[in-house]
Amino acid sequence: MKMNNKKAAIITVFFSLMLIVGASPRMYRVSEFSYAGDYDVFNSWAKFSGFNNTSLCKVESAGKAVELAKNEVTVWYNRINVSYDETEKVWRVTFYMEEYIGGTQHVYLNENGITLMRVNS
């Protein structure tokens, strides 16, 4: 089946738009939290070493925090929440499965993209 130029151009534009839309950054609503408070609660079972994010990488957006936190997550998820502690300059990215109990994982990153802590809850 031979395709004419007009049809080929329309298909090319369609797939190009799909790629552009798919590549667009996702917007995350960022809530506040206390890293010190979470640390006090979770430190007895949290992981503090052996992470992938060990090089400096400025984190200036929730999207960047999520991108880096995905390097550390070890649970299945279909939802992501993002929080930020302005005082400590720490991001908390929470991965979880909607409508499931348990299996939640929090990844904590500092403003330089270094993973500080990971907690399963």
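For the structure itself, consult the block above.
Below is a short write-up of the structure.

So, helix α3 (residues 62-69)
Those residues of α3 not exposed but buried are Ala62, Ala65, Val66, Leu68 and Ala69. The buried residues of α3 occupy an angular sector of 165° when the element is viewed end-on, so they sit on one face. Each element contacted by the buried residues of α3 is listed here: β1 (30-32), β2 (79-85), β3 (90-96) and β4 (105-110).

Overview of the environment of Ser34
By secondary structure assignment, the location of Ser34 is in the loop between β1 and α2 (35-42). Classification of Ser34 as partly exposed rests on a relative accessible area of 37%.

Some remarks on the pairing of strand β5 (residues 115-120)
With 5 bridges joining them, β4 and β5 adopt antiparallel strand pairing. Bridged to Val107 within β5 is Arg118. Following β4, the chain reverses through 4 residues before pairing antiparallel with β5; Gly113 in that reversal takes a positive phi of roughly 80°.

Analysis parameters
Residues numbered from 1 in each chain as written. Predicted model: local features only at pLDDT ≥ 70, side-chain atom pairs only at ≥ 80, totals over all residues. Heavy atoms only, no water. Buried < 20%, exposed > 50% of the residue type's maximum accessible area, 1.4 Å probe, protein only. Helix = DSSP H or I, 4+ residues; strand = E, 2+ residues; numbered from the N terminus. Arc of directions from axis to C-beta. Contact = heavy atoms within 4.5 Å. Pairing = 2+ DSSP bridges.

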